Amino acid sequence: MTGEVQHNAPRADVVVVGAGIVGLGAALAAVDRGRSVIVVERGAEISGATVRNFGHLCFTPQSGIARDYALTSREIWLRLARDAGFWIDDSGTLVVARHADELQLLRELAEQRAPRQDTDHVEVELLAAADIENLASLPAGSAVGGARLPRDLQVNPREAASAIRSYLELRGVEFRMRTSVGQIEGGRVHTSRGTIDTDLVVVAVNHDIDQLFPALAETHGVIRCGLDMMRVTADLRSPLGGPLLTGWSLIRYSAFTSTPASARVRARLTAERPDLAALDLNQMYTQLPDGSLIVGDSHWKGESIPPFQPEAASDAFLAEFTTLFGETPRVLERWQGVYATAPNEFLIEEVAPGVLVTVVTTGIGMTTGLGVAEHTVGGYLDARTIPTEKNSIMSNPIATTATSADPTATTLATPVVAIELVVLDMAGTTVVDDGIVERAFERAARRVGLDSYRPLDAALQYVRDTMGQSKIEVFRHLTDGDEAAAQTANREFE
């Protein structure tokens, strides 16, 4: 019982509450930095929003801080797919335009995201009508144009979550499943299986944040968003060339809605189909390796989500599928998803010394969650404090802690840490290193795919020629200015 005095409680450097994608990312960020980790999860398996989604990693459609998180997530997803051994598709996202205003929106986005220098990636490739119809298996004459977003990725969410957990276990992370958390305080987590002592608690429970910290959830307006989804099979003339978005998707994601044409698209769709607008539809499709397609999705919000799914939503999904593809789908599965939603996209606060809340409060958890964890949890462990918004890492202010003298005072709850080791970095002074620098570089290069930028032999020679210089600057040069890739390579090297 949690109320009992427990002597010699188990201990870990980091305790993560919740084994969804943000919790998995938090465990990864900690173990990457040599910390011991225990993940506490009330379910017998990972079964929440992390597995009840399209598996669509839509990086290009994000903007602002969500884009920062997304770009970091992209590198981590690619790394995990390689190291944990799960399927990932890099074909990019397809967007079909079935009206002139949708095509205009895509043109505006392509202009906004056009490469400004040689090292920039192409993020939006405009497609002719025949090309998008061919890539998306659509009837001839159904599109006026489209686009491909080549930086986006896709995974099978059910497979990926399980594989990441197994990979983390191999690296020493302990998962305590079927274990609930009743109370969290600085340095201690009280669970249904006893207490755990720790230096840092990461609370990554998504919409259940209102169960552990109800006042925090109410202050930030966190409620639940429910959605309907299904998996179907259909006789399409060819496989999809990637996840497929429609006009309804163009009025959801922030990069799309920032374009001047977005308002016109929204007004037209709402006027033409008020029934679909009432469902808050995001009409999109992803195809799994077995050929089946994930279809959805509707959205509704509240402090609680009724478990009863209206058949009208499913009927609309199936009817729109037939209209778009010209084929009648057969339903294999239906399910309901639930995730946290709030006015801001992220809730990140240190609510007490050593207690860090990390919640994605919108429907882009798979896209941004790993990046959120790397920036916030990794940043905390690196600096022993939460990174500041000035560095484009936080969307919300640092946690406020009240004092008896001034209950409204804002203070940074920074842990007090005794210094045990001081390291002097004397770059360029090493006389003999027995080849450790070159071996570390070669390992980092292989793990991040540096050979996609230049031959490894040439890169290694550059490292020798610049020995003693800042390694992050070396990696920035070798990755042609790709900051995310350079940071990832530098972490692997260190």
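Structure: above.
Being a predicted model, the structure only gives us computed values, none of them experimental.

Trainee: Any chance you could explain the sheet that holds strand β4 (residues 88-89) here in plain terms?
Mentor: What holds strands together in a sheet is hydrogen bonding between their backbones, with the strands either parallel or antiparallel. The strand order across the open sheet formed by three strands is β3-β8-β4, and the pairing between neighbours is antiparallel. Strand pairing shows two members of the sheet lacking a second neighbour, β3 (56-57) and β4, which therefore form its edges. As judged from the two bridges shared by β3 and strand β8 (residues 153-155), these two strands associate in the antiparallel manner. In the sheet register, His56 faces β8, and the bridge partner there is Gln154. The sheet strands contacting helix α2 (residues 64-85) are β3, β4 and β8, and the helix crosses β8 at an angle near 45°.

Trainee: Any chance you could explain the pattern of salt bridges here in plain terms?
Mentor: It is possible for side chains bearing opposite charge to pair when their charged atoms get close. Per the stated rule, a full pass over the model turns up 29 salt bridges. Taking the shortest distance from any N to any O, the salt bridge between Arg74 and Glu75 comes out at 3.9 Å. Take Arg74 and Glu75: they sit in the same class, and that class is buried. Where Arg113 meets Glu123, a salt bridge forms, and the shortest distance between an N and an O atom there is 3.2 Å. Taken together, the residues Arg113 in the loop between α3 (100-112) and β6 (125-127) and Glu123 in the loop between α3 and β6 connect sequence positions ten residues apart. There is no split in this pair, since Arg113 and Glu123 are both buried. When salt bridges that share partners are traced, they join Asp32, Arg79, Arg82, Asp83, Arg171 and Glu492 into one network.

Trainee: Got a minute to help me understand the packing of aromatic side chains in this structure?
Mentor: In this description, an aromatic ring pair is defined by two values, namely the gap between the centres and the angle between the planes. One pass over the structure, following the stated rule, counts eight aromatic pairs. A centroid spacing of 6.0 Å and a plane angle of 90° characterise the contact between Trp77 and Phe86, whose relative ring orientation is edge-to-face. The same class applies to Trp77 as to Phe86, namely buried. Note that Arg158 overlies the ring of Trp335, its terminal NZ or CZ placed 5.2 Å from the centroid. Here the guanidinium or amino end of Arg165 rests over the ring plane of Phe175, the centre of that ring lying 5.3 Å away.

Trainee: Would you mind showing me how to read α3 here?
Mentor: Compared with the 18 Å implied by 1.5 Å per residue over 13 residues, the 19 Å span of α3 between its first and last C-alpha is a close match. For α3, every residue scored as buried is listed here: Asp101, Glu102, Leu103, Leu105, Leu106, Glu108, Leu109 and Ala110. In this structure, the buried residues of α3 make contact with β5 (93-97), β6, β7 (145-149), α8 (254-257) and α9 (262-272).

Trainee: How do you make sense of the nonpolar core when you look at a structure like this?
Mentor: Buried together is how nonpolar side chains tend to be arranged in soluble globular proteins. Counting 110 residues, the largest nonpolar core has Trp77, Phe86, Leu168, Leu244, Phe321, Phe325 and Phe346 as its most contacted members. Not counting residues up to four positions away in its chain, the partners in contact with Leu168 are Leu24, Ala27, Leu28, Val31, Val173 and Phe175. Counting 23 residues, the second-largest nonpolar core is a separate cluster that includes Val201, Phe213, Ala217 and Val222.

Trainee: It is not clear to me how the packing of α2 against helix α13 (residues 436-448) should be interpreted in this structure. Could you clarify?
Mentor: What describes two packed helices is the angle between their axes and the distance between those same axes. Running from N to C, α2 and α13 cross one another at 100°; their axes reach a closest spacing of 9 Å. Judged by the inter-axis angle, α2 sits roughly perpendicular to α13. Touching Arg79, Arg82 and Asp83 of α2 are Arg446, Arg447 and Val448, all from α13. The class makeup of the residues in the contact of α2 with α13 is one nonpolar, no polar and five charged.

Trainee: So what exactly am I meant to see when it comes to the pairing of strand β13 (residues 223-233) here?
Mentor: Consecutive side chains of a regular strand alternate in pointing toward one face of the sheet and then the other. Within β13, nine of the eleven residues are buried, leaving the element largely enclosed by the surrounding structure. Where β13 meets strand β18 (residues 330-341), eleven bridges bridge the pair, whose relative direction is antiparallel. Each residue of the ladder has a partner; that of Ile223, found in β18, is Thr341. Examined bridge by bridge, β13 and strand β17 (residues 300-302) share three bridges and lie antiparallel to one another.

Trainee: Quick question: what am I supposed to make of the environment of Gly18 here?
Mentor: Relative to the assigned elements, Gly18 resides in the loop between β1 (11-17) and α1 (21-32). Among the residues examined, Gly18 registers a relative accessible area of 7% and is labelled buried. The spatial distance from the C-alpha of Gly18 to the C-alpha of Val181 is 9.5 Å, given a sequence separation of 163 residues.

About the criteria used
Residues numbered from 1 in each chain as written. Predicted model: local features only at pLDDT ≥ 70, side-chain atom pairs only at ≥ 80, totals over all residues. Heavy atoms only, no water. Pairing = 2+ DSSP bridges. Helix = DSSP H or I, 4+ residues; strand = E, 2+ residues; numbered from the N terminus. Contact = heavy atoms within 4.5 Å. Axes fitted to C-alpha atoms, helices over the stretch in contact; angles between N-to-C directions. Salt bridge = Lys/Arg side-chain N within 4 Å of Asp/Glu carboxyl O. Buried < 20%, exposed > 50% of the residue type's maximum accessible area, 1.4 Å probe, protein only. Phe/Tyr/Trp six-rings, centres within 6.5 Å; stacked < 30°, edge-to-face > 60°. Lys NZ or Arg CZ within 6 Å of the ring centre and 35° of its normal. Expected span 1.5 Å × (residues − 1). Core = buried A, V, L, I, M, F, W, Y, C linked by side-chain atoms within 4.5 Å. Parallel < 35°, antiparallel > 145°, perpendicular 65-115°, else oblique. Nonpolar A, V, L, I, M, F, W, Y, C, P; charged D, E, K, R; others polar.

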